[in-house]
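# Structural overview for review
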Amino acid sequence: RRGAAEIGFTVVSISLSLVAVFIPILLMGGIVGRLFREFAVTLSAAIAVSLVISLTTTPMMCARLLRPIDGQPSGAFQKFGERMFERMAEGYRRSLLWALRHRRLMLAATLATLALSVFLYVVIPKGFFPEQDTGRLMGMIEADQDTSFQAMRARLRRFTAIVQRDPAVQHVIAFTGGAGGATNNARMFIALKPLSQRRIGAAQVISRLRQHAANVPGARLYLQAVQDLRIGGRLESAEYQYTLQSRDLHQLNQWAPRLLAAMRRQPQLRDVSSDQQNRGLDASLAIDRQTAERLGISTQTIDNTLYDAFGQREVSTMYTPLNQYYVVMEVAPAFWRDPQWLREIYVKTASGSMAPLSAFARERGAVTPLEVNHQGQFPAATISFNLARGVALGQAVAAIQAAENEIHLPGGIRGDFAGAARAFTASLANEPLLILAALAVVYIVLGILYESYIHPITILSTLPSAGVGALLALLICHTELSVIALIGIILLIGIVKKNAIMMIDFALDAERNSGAAPEDAIYQACLLRFRPIMMTTMAALFGGLPLALGSGMGSELRRPLGIAIVGGLAVSQILTLYTTPVAYLYLDELRWWLLS
């Protein structure tokens, strides 16, 4: 009962402030907000249940199950553990006295940690979602725009054979007509062997296939790894998209290829391609009507002859007891490949003889769009791109802006990110506001609990060290600051401040009820709460290690969360044990100065 009464308010403060962290997350909009919302609701419910159990079931179990220890611990392991902890506690006591004697130095360390956390947030590479290895690849083949169906089929078979020969590939499925049914595009879906057999990740497999597929002339193969979380409904040749729009189609056709060439020169980008299909070949017939009239050939006869040859005319239906079959008339596929075969087409004259088409018609070649894409109501050209290895999406965004500045894109063309890249830019703008909102809500909740404007600042002073630890861990592990890592940092806001809450609860109680001086109160609080602080932090740290060290299919999505939690807890544990009591004393002096 004494233990529950002493720690009860501390548990309530820790739990309520942790739930308060997720209040701004619940109000977020968009796709990222939905992902955060599920995480926030799940964790808040778990914390609420844990709070009730901690204040009811846990004291009851302690009363029923714990037994008093007579004398020293009996087991060898218990003796070793106690000796180790006593040495740690004695070392902490001595170092704490030194820190309290050098308050200005510790205050400077606190301010330097705050500045370092801001600096690291600015310089760290920022991404959206980590790229996963799910064992599946998706590819798009883009050939020259004047490629016929027969030529595309031959190239598709060649690409399929190259991919199938790779030792990491298990199955390949490919078909033509990938984007809008265009004959110069094809889709490919690749199933990789299990990771234990291929020994390399999906990114290395893509790099190897890209080198082998580069030898196929007239077409390019674009590959990307299939992700569990895919933002945006577009199915393009690469994972990210940048869309150009203009009211003037001619201006769009003029500047989109220039931006495409500039983006291909950027080393941060890979597999840069465009969905602009404006270089297709068009064959038109100019009929010499006077010659056709002398031969007794009407325009309708010419049209019917051409439709019989190339239009797939249904000329008959064959009926069977179980089905019916349409008879389609056309020339052999070999005669589709070149407009020169039009010279071999003959038209029946009025006299019944056959006249070659070239006798009264002339073929003209021209360039024409295969399709004109629109977004909203305006013509649009979408440029797709992947990231080079080790490049974050934030760096790619800066590279695209540099490419626009390089070619001096006119104001009549508006560029904007689409799909996952658009969601990333929106989340990047909201990240600082989200963190500030979480801090503001936690400050309000702690101010209500402690009935103070000052002591919540003491508790929040522990957070910069957690941010430094999380960002340093991400940099050391060559991991970008993604949405998943941001979830870990926001979770750290709720976890790390428990150290300060444990200390300040006891110090305030000692000041108010025992009349202790602030320095003696915080000194005793640090020593008394050293064991629970170490126990809870180590439990949370070891709980995050499986996420940080995990491997296997899809582990890349969870790893940034574990890295951020482990790094933040490790650094904050070392610093807050010394900076929190110093911040408490300085802010207590500030409180008395404001009251006087």
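Residues numbered from 1 in each chain as written. Predicted model: local features only at pLDDT ≥ 70, side-chain atom pairs only at ≥ 80, totals over all residues. Heavy atoms only, no water.

### Side note on the side chain of Ser17
The test is simple: Segments assigned H or I by DSSP are reported as helices when at least four residues long, segments assigned E as strands when at least two residues long, and all are numbered from the N terminus. A 3.5 Å cut-off defines polar contacts: any pair of N or O atoms within that distance qualifies, except that in protein one atom must be a possible hydrogen donor and the other a possible acceptor, and neighbouring residues in sequence count only when both atoms are side-chain atoms.
In this structure, Ser17 sits in helix H1 (residues 2–21). Of note is the side chain of Ser17, whose polar atom sits 2.7 Å from the backbone oxygen of Ser13.

### So, the pairing of strand E14 (residues 378–387)
Side chains on a regular strand alternate between the two faces of the sheet. Keep this limit in mind: Only protein chains enter the accessibility calculation, which uses a 1.4 Å probe; a residue whose area is less than 20% of its type maximum is buried, one above 50% is exposed, and one in between is partly exposed. At least two DSSP bridges between two strands are needed for those strands to be called paired.
Summarising burial for E14: eight of the 10 residues are buried, a large majority. Where strand E5 (residues 240–245) and E14 come together, six bridges link them in antiparallel fashion. The residue bridging Leu244 from the neighbouring strand is Ala381, located in E14. Pairing analysis gives four bridges linking strand E6 (residues 269–274) to E14, with the strands arranged antiparallel. When the sheet's bridge partners are listed, Leu269 is paired in E14 with Leu387. Across two bridges, the pairing between strand E13 (residues 374–375) and E14 is antiparallel.

### Section: the pattern of salt bridges
Note the threshold: By salt bridge we mean one thing: a side-chain nitrogen of Lys or Arg within 4 Å of a carboxyl oxygen of Asp or Glu.
Evaluation of the coordinates by the stated rule reveals 10 salt bridges. Residues Glu519 and Arg103 are paired through a salt bridge, measuring 2.7 Å at the closest nitrogen-oxygen approach. Taken together, the residues span a long stretch of sequence, with Glu519 in helix H19 (residues 518–528) and Arg103 in helix H6 (residues 103–123) at a distance of 416 residues. Residue Glu519 is classed as partly exposed on the basis of its relative accessible area, which comes to 35%.

### Here we look at the sheet that holds strand E3 (residues 185–192)
For clarity, the threshold we go by: Each axis is a line fitted through C-alpha atoms, taken for helices only over the stretch in contact, and angles between the N-to-C directions span 0 to 180 degrees. Should any heavy atoms of two residues lie within 4.5 Å, those residues are counted as being in contact.
Taking strand neighbours across the sheet as the criterion, the four strands line up as E2-E3-E1-E4 in an open arrangement whose pairing is antiparallel. The sheet is open, and its two borders are formed by strand E2 (169–176) and strand E4 (219–225), each paired with just one other strand. Pairwise comparison of adjacent strand axes, ignoring direction, gives a mean angle of 20° for this sheet. Pairing analysis gives seven bridges linking strand E1 (residues 136–143) to E3, with the strands arranged antiparallel. Across the sheet, Gly139 pairs through a bridge with Met188, a residue of E3. Along the sheet, helix H9 (residues 202–213) contacts E1, E3 and E4; its crossing angle with E4, the most-contacted strand, is approximately 175°.

### Section: the confidence of the model for the chain
The condition is simple: The pLDDT score gives, residue by residue, the confidence of the prediction method on a 0 to 100 scale.
Within the chain, residue pLDDT values average 85, and 96% of them lie at 70 or more. Confidence, read as mean pLDDT per element, is least for helix H2 (residues 23–26) in the chain (76) and greatest for strand E9 (residues 324–329) (93).

### Looking at the environment of Phe360
Among the structural elements, Phe360 can be located in the loop between strand E11 (354–356) and strand E12 (361–368). On the basis of relative accessibility, which here comes to 1%, the residue Phe360 falls in the buried class. Sequence separation between Phe360 and Val582 is 222 residues, and the spatial gap between their C-alpha atoms is 99 Å. Residues contacting Phe360, with those up to four places away along its chain left out, are Ala286, Ile287, Asp288, Thr291, Ala292, Leu295, Ile297, Ile302, Val347 and Ala355.

### Regarding helix H16 (residues 463–476)
Note the cut-off: By this rule, a helix spans an expected 1.5 Å times one less than how many residues it contains.
With 14 residues, H16 should cover 20 Å at 1.5 Å per step; its first-to-last C-alpha distance of 20 Å lies within 8% of that length. Burial of H16 is extensive: 11 of the 14 residues sit out of reach of the surface. Inspection of H16 places Leu463, Pro464, Ser465, Ala466, Gly467, Val468, Gly469, Ala470, Leu471, Ala473 and Leu474 among the buried residues, and these make up the whole buried set. Positive backbone phi, approximately 55°, marks His478, located one or two places after H16.

### A closer look at empty space enclosed by the protein
Under the convention used in this document: Throughout, the protein atoms alone are placed on a 1 Å grid, and a set of points is a cavity if a 1.4 Å probe fits but cannot get out or a pocket if it is open with protein on both sides within 12 Å along at least five of seven lines; lining residues have an atom within 4 Å of a point. Grid points are joined across faces, edges and corners, and a volume is the space filled by probe spheres set on the points. When residues are sorted by character, Ala, Val, Leu, Ile, Met, Phe, Trp, Tyr, Cys and Pro go into the nonpolar class, Asp, Glu, Lys and Arg into the charged class, and all the rest, Gly among them, into the polar class.
With the rule as written, the count across this model stands at two cavities of 30 Å³ or more. Approximately 90 Å³ is the volume found for the largest cavity. As for the largest cavity, its lining consists of 14 residues, and the residues nearest its centre are Asn253, Gln276, Glu371, Val372 and Asn373. Taken together, the residues that form the lining of the largest cavity break down as seven nonpolar, five polar and two charged. Lining of the second largest cavity is provided by Thr110, Thr113, Ser461, Pro464, Ser465, Leu575 and Thr579.

### Looking at helix H20 (residues 530–549)
For H20, which comprises 20 residues, the first-to-last C-alpha distance of 28 Å matches the rise-based estimate of 28 Å (1.5 Å per residue) to within 8%. In this fold, the buried residues of H20 make contact with helix H5 (76–101), helix H18 (498–514), H19 and helix H21 (559–595).

### With respect to unusual backbone geometry
The phi angle at Gln312 is positive, at roughly 55°, despite the residue not being glycine. A residue is classified by how much of its surface remains accessible, and Gln312, at 47% relative accessible area, is partly exposed. Positive phi is not limited to glycine here, since His408 has a value of about 55°. Tracing the chain through its elements places His408 in the loop between helix H13 (393–407) and strand E15 (414–418). Owing to a relative accessible area of 63%, His408 belongs among the exposed residues under this scheme.

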